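One-letter residues, chain by chain:
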Amino acid sequence: PLNSPTFSHKVNPFKVVCRFHLTGTCNDEECRWQHLADAMFSGDEVYQDLLSYHLPLVGLTDTAEPAMCQQAIMTYVKKMCAPNKDKMSENDQCLLLVSQVNEHAKHVPPHTTFLEPRGWRPQQVEKRELREEENEEGEERRFGKDVLRKSSPPSEDQEFRYFASEGETLESLEAAALKDPQNSDLWIGLAHKYLKTGTGDETSRLDQALNVLSRGLEANECSEDLWLQYLELYSRRSEQQEVLDMCQQAVEFVPSYKIWWKYLSLEDTVEAKDNICCQILEFLTSPEYAGEAESRSHYVLETLLYRTQLWVVSGRRSR
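Residues numbered from 1 in each chain as written. Predicted model: local features only at pLDDT ≥ 70, side-chain atom pairs only at ≥ 80, totals over all residues. Heavy atoms only, no water.

### Section: the overall build of the protein
Rule in force here: What counts as a helix is a DSSP run of H or I of at least four residues, what counts as a strand is a run of E of at least two, and both are numbered from the N terminus. In this description, contact between two residues means that some pair of their heavy atoms is separated by no more than 4.5 Å.
Check the secondary structure of the protein and you find 16 helices and zero strands. If you take every contact in the protein between residues at least 6 apart in sequence, the share linking residues at least 24 apart comes to 59%.

What follows is the structure, given as structure tokens:
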């Protein structure tokens, strides 16, 4: 049917779809990203969408202002569809309007395609305007850390749940790590224990955990897991540039896809993110990448899609 959401909708291909909506439910009433409810026609919008293909039918030219188009189409819909509302189904009224549009445009089936772009069509209603500072050029070039990250940072419990038992003590974990210094899981479990039960305030415990991970990296400088944990904790206490420098050092020791993504998630500017995407693609297509061909293909596609989204969100589609 003509009123099927498959064909009749207000999906904006240049607007980011809410990632919470994609994987479940978005509970933010002020979320400014795209949701399914925003893209569905409501009321008479499906009729307005059909009429927007041929404005002369409602007494306007194709160069008319959008506001005039909307008003004229709404008036026409009210005049033509309201009397038949109780007599005809929505799809039947859509068919009637299509026949009127084709007849007025002198289209003879099966040649009923409009090749010219429409001057107006029903659009999504913006829930809220961007804050003034978000519209400034300087802020527009920066990204909130929750927008283009591959995933949200895990909580402490998620990070370490596989590495230590709650019954272990600091002394027993320390002894185990020193006995088997090549075991990355032991160092990560010990760091977690210091975060939970170390001495001093939260900052002191964080420093103690970082010290443990640093010792672990001395014995396992090519451990991906240790580097990921170290970067996560290091980003909580250090300046942005210091964290980025540490990320650069990490990819030199362990040029893995996960660490490159961690590096990407910690960058803020569009230029820097785009540059890291290029480096990731270069890494994936080089002999340095030792993973399976299937994984390489997936990672390349994921990076390309991320870079495309980066350009769309930042308004750089013209590039």
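More follows now that the structure is in view.
### Regarding the pattern of salt bridges
Applied cut-off: What counts as a salt bridge is simple: a side-chain nitrogen of Lys or Arg found within 4 Å of a carboxyl oxygen of Asp or Glu. Only protein chains enter the accessibility calculation, which uses a 1.4 Å probe. A residue is then buried if its area is under 20% of the maximum for its type, exposed if over 50%, and partly exposed in between.
Taken as a whole, this structure holds eight salt bridges when the rule is applied. The partner of Asp49 in a salt bridge is Arg118, with the nearest N and O atoms 2.8 Å apart. In this pair, Asp49 sits in helix α3 (residues 45–51) while Arg118 sits in the loop between α5 (90–104) and α6 (132–135), placing the two residues 69 residues apart along the sequence. Residue Asp49 is classed as buried on the basis of its relative accessible area, which comes to 5%. Residue classification places Arg118 among the partly exposed residues on the basis of a relative accessible area of 23%. Salt-bridge contacts for Asp274 lead to Arg307; the nearest nitrogen and oxygen are separated by 2.6 Å. Of this pair, Asp274 sits in helix α15 (residues 270–284) while Arg307 sits in helix α16 (residues 293–313); the two residues are 33 residues apart in sequence, bridging distant segments of the chain. If you follow the salt bridges from partner to partner, you end up with Asp49, Arg118 and Arg121 in one network.

### Some remarks on the environment of Gly291
Here Gly291 lies in the loop between α15 and α16. Each C-alpha atom, one on Gly291 and one on Ser256, is 9.3 Å from the other, the two residues being 35 residues apart in sequence.

### Topic: the packing of helix α11 (residues 202–219) against helix α12 (residues 224–237)
Short version of the rule: Here the axes come from fitting lines to C-alpha atoms, over the contacting stretch only for helices, and the angles between their N-to-C directions go from 0 to 180 degrees. Oblique is the label for any angle not under 35 degrees, not over 145, and not in the 65 to 115 range, which are roughly parallel, roughly antiparallel and roughly perpendicular in turn. Take the far helix as the reference: if the near one is turned anticlockwise from it by less than a right angle, the crossing is left-handed, and if turned clockwise, right-handed. Here the nonpolar group is Ala, Val, Leu, Ile, Met, Phe, Trp, Tyr, Cys and Pro; Asp, Glu, Lys and Arg are the charged ones; every other residue, Gly included, is treated as polar.
Taken N-terminus to C-terminus, the directions of α11 and α12 make an angle of 150°; their axes are 10 Å apart at the nearest point. In this view, α11 runs roughly antiparallel relative to α12, as classed from their interaxial angle. With respect to the hand of their crossing, α11 and α12 are arranged in left-handed fashion. Of the residues in α12, those touching α11 at Leu206, Asp207, Ala209, Leu210, Leu213, Ser214, Gly216 and Leu217 are Leu226, Trp227, Gln229, Tyr230, Leu233, Tyr234, Arg236 and Arg237. Of the residues contributing to the contact of α11 with α12, the split by class is ten nonpolar, three polar and three charged.

### Brief notes about α15
Short version of the rule: Helix span, as expected, comes to 1.5 Å for every residue beyond the first.
The end-to-end C-alpha distance of α15, which contains 15 residues, comes to 21 Å, matching closely the 21 Å that a straight helix rising 1.5 Å per residue would cover. Turning to α15, its buried residues number three or more, namely Val270, Ala272, Lys273, Asp274, Ile276, Cys277, Ile280, Leu281, Phe283 and Leu284.

### Let's talk about α16
Across its 21 residues, α16 extends 30 Å between first and last C-alpha, which sits within 8% of the 30 Å expected from 1.5 Å per residue. In this structure, the buried side of α16 is in contact with α14 (257–266) and α15. At the exit of α16 stands Gly315, carrying a positive phi of roughly 75°.

### With respect to unusual backbone geometry
Cis geometry is adopted by the peptide bond preceding Pro110, which originates at Pro109 and carries an omega value of 5°. Here Pro110 shows up in the loop between α5 and α6. Although it is not a glycine, Lys106 adopts a positive phi angle of roughly 60°.

### Some words on the nonpolar core
What counts here: As used in this record, nonpolar core signifies buried Ala, Val, Leu, Ile, Met, Phe, Trp, Tyr and Cys residues forming a set joined through side-chain atoms within 4.5 Å.
Core analysis: the biggest nonpolar cluster contains 44 residues, and Leu190, Trp227, Tyr230 and Ile259 have the highest contact counts within it. The set of elements that each furnish at least two residues to this core consists of α9 (170–179), α10 (184–197), α11, α12, α13 (240–253), α14 and α15. The residues contacting Leu190, other than those within four sequence positions of it, are Leu170, Leu173, Glu174, Ala177 and Val212. Ala72, Ile73, Cys94 and Val101 belong to the second largest nonpolar core, which has 20 residues in total.

### Side note on the confidence of the model for the protein
Threshold: A residue's pLDDT is the predictor's confidence in that residue, given on a scale from 0 to 100.
Per-residue pLDDT for the protein averages 80, and the proportion of residues at 70 or more is 85%. Confidence, expressed as mean pLDDT per element, reaches its minimum in the protein at helix α7 (residues 137–140) with 40 and its maximum at α15 with 92. Within the model, the stretch residues 129–164 combines pLDDT values under 50 with 53 contacts to residues more than four positions away or in other chains.

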